[in-house]
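Reading the structure
Spelled out from the first residue to the last, the chains are:
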Amino acid sequence: MNRPKSAPSRKPKAPPRRAAPAVSEVAVPPVAAQPPAERIEPVEIAEPRGPATIDLALQGGGSHGAFTWGVLDALLEDGRLGFDGVSGTSAGAMNAAVLACGFARGGRDGARAALRAFWNDIGSAPGCLGAAPSSAPFASPFAQAPQIAWPAWLFNTDIWPMYGVLDAMWRSLSPYQFNPLNLNPLRRILDKHVDPALLRDGPLKLFVTATAVSTGQPKVFSGAELSIDALLASACLPQMVQAIEIDGESYWDGGFAGNPAIWPLIYGTGSLDVLLVQINPLVRPGVPTRAVDIADRVNEITFNASLVAEMRAIAFVQKLVRQHKVSSDEYKLLRLHRVADEDGLAPYDASSKLNTDPRLLQALFDLGRAAAGRWLAEHAGDVGVRGTTAIEPVFLAPRPAPAGT
């Protein structure tokens, strides 16, 4: 995705000059892929005091956001890392908002309790993340067997009876036709769990990305702009929900333009460490042949494209710094980290992102906690010292096709 260039701006005060950066230390230019209207005032970077602080970048992905819930729960329980800013898109934005409200009310324990309550309500509201089959005759034939330990593939709604009928309807009718009253059950859940005042004035800096329908540009809501409507805009899938209008502009899901946006963290916080929680697969084995699978894979590629483009720009500037073509004194050195589990999430296809079955949410939560536990065991001590994810091999280098494709 092409991003408009912004005018040069003064960079936050950098730490003392240091040796050439390691492979996972990312040099970030003061000019990022940032729309001119989206100015985020730079902050002064202070020497770290107390626990190491880190920024969080949370991807969207419908019910797969429960994986991120598990990651956040493990980080909060561990307690070794403080949070400075959080940038989120779609389900990532909702996780960020609930985290911020819970943290403002009750610290780490309050944040953990708030996230669990939020996802419990998501699991009690079939269809709240989209027009997913949720009741007979469209639901899974196993829906009335709560004690069954499901294999992962049974949560993929495209194998359920009558899924094809609903899918055809979604593709032939718009939400302005099949939902003319613009009912959105997600609004009720967010109203219950999110206090916009705590988003604006709480201890965490929050950045929520949506996509402007008229321009295709990312819109990052922060500070006084944060609202329930901003969260709904960030999670607005245009095939299923009517566009969210804010101040005369209509918005769709932020994943089209930034999933998640990294640059608000670069400009808007003092932390040099960013932890990306990634739930969209970069690689999915095989070539889809069904129409629904083709559409799903196109959406996955689209929702990853903005992140890959942003990582490519960061890597390019990193290369210039290594070649001494630009001064490291003029750039914020970003230490990048990543929590992901592509193998663990692989059995859950795109159709499962609309499934809010509590058993699926719990399984994803467990995957996220386990992935975060592994990362903490290996890399918690690296925060504030070095990055643990190199951009090029993860996001840019060609990957061989997985076996069996």
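Before reading further, recall that the structure is shown in the block above.
Heads up: these notes are all about the structure in this document. (Residues numbered from 1 in each chain as written. Predicted model: local features only at pLDDT ≥ 70, side-chain atom pairs only at ≥ 80, totals over all residues. Heavy atoms only, no water.)

Description of helix α9 (residues 291–322)
We apply this condition: What counts as a helix is a DSSP run of H or I of at least four residues, what counts as a strand is a run of E of at least two, and both are numbered from the N terminus. Given a helix with a known number of residues, its expected span is that number minus one, times 1.5 Å. A residue's bend is the angle separating two fitted axes: one through the seven residues that end there, the other through the seven that start there.
Between its first and last C-alpha, α9 extends 46 Å over 32 residues, near the 46 Å set by a 1.5 Å rise per residue. Bending of α9 peaks at approximately 35 degrees at the position of A305. Immediately downstream of α9, the backbone of H324 shows phi near 60 degrees, a positive value.

Here we look at the pattern of salt bridges
Our working definition: Salt bridges are defined by distance alone: a side-chain nitrogen of Lys or Arg within 4 Å of a carboxyl oxygen of Asp or Glu. When accessible area is computed with a 1.4 Å probe and restricted to protein chains, residues below 20% of their type maximum are described as buried, those above 50% as exposed, and intermediate ones as partly exposed.
One pass over the full model with this rule turns up 17 salt bridges. Notably, a salt bridge pairs R369 with D73, separated by 2.5 Å at the nearest N-O pair. Of this pair, R369 sits in helix α11 (residues 358–379) while D73 sits in helix α1 (residues 65–78); the two residues are 296 residues apart in sequence, bridging distant segments of the chain. Look at R369 and you get partly exposed, because its relative accessible area is 27%. Taken together, the shared-partner salt bridges connect D73, E77, R112 and R369 into one network.

Some remarks on the pairing of strand β8 (residues 273–277)
Note the cut-off: A pair of strands is considered paired only if DSSP assigns at least 2 bridges between the two.
In terms of burial, β8 is largely enclosed, as five of its five residues are buried. Residues D273, L275 and V277 line one face of β8 and the alternating positions V274 and L276 line the opposite face, and both faces are buried. Summarising the sheet, strand β2 (residues 52–58) and β8 pair through four bridges and their orientation is parallel. Bridge pairing in β8 places A57 opposite L276. One ladder, built from five bridges, connects β8 with strand β9 (residues 332–339); its direction is parallel. The partner of L276 across the bridge, within β9, is R338.

As for the packing of α1 against α11
Rules: Here, axes are lines fitted to C-alpha atoms. For helices the fit covers the stretch in contact, and angles between N-to-C directions go from 0 to 180 degrees. By the definition adopted for this analysis, an angle is roughly parallel if under 35 degrees, roughly antiparallel if over 145, roughly perpendicular if from 65 to 115, and oblique otherwise. Helix crossings fall into two classes, left-handed where the near helix is turned counterclockwise from the far one by less than a right angle and right-handed where it is turned clockwise. Contact between two residues is taken to exist if any of their heavy atoms lie within 4.5 Å; hydrogens are not considered. When residues are grouped by polarity, Ala, Val, Leu, Ile, Met, Phe, Trp, Tyr, Cys and Pro land in nonpolar, Asp, Glu, Lys and Arg in charged, and all others, Gly among them, in polar.
In the contact formed by α1 and α11, the axes pass within 6 Å of each other and the chain directions differ by 45 degrees. One element, α1, and the other, α11, form an angle in the oblique class. Read as a crossing pair, α1 and α11 show a hand that is right-handed. For the pair formed by α1 and α11, the contact residues are A66, F67, W69, G70, V71, D73, A74, L75, E77 and D78 on the first element and L361, L364, F365, L367, G368, R369, A371, A372, W375 and L376 on the second. In the contact of α1 with α11, the residues fall into 14 nonpolar, two polar and four charged.

Structural notes on the pairing of β2
Among the seven residues of β2, five are classified as buried, and the element is accordingly described as predominantly covered. As paired elements, β2 and strand β3 (residues 81–89) share six bridges and run parallel to each other. Across the sheet, residue I54 finds its bridge partner in β3, namely F83.

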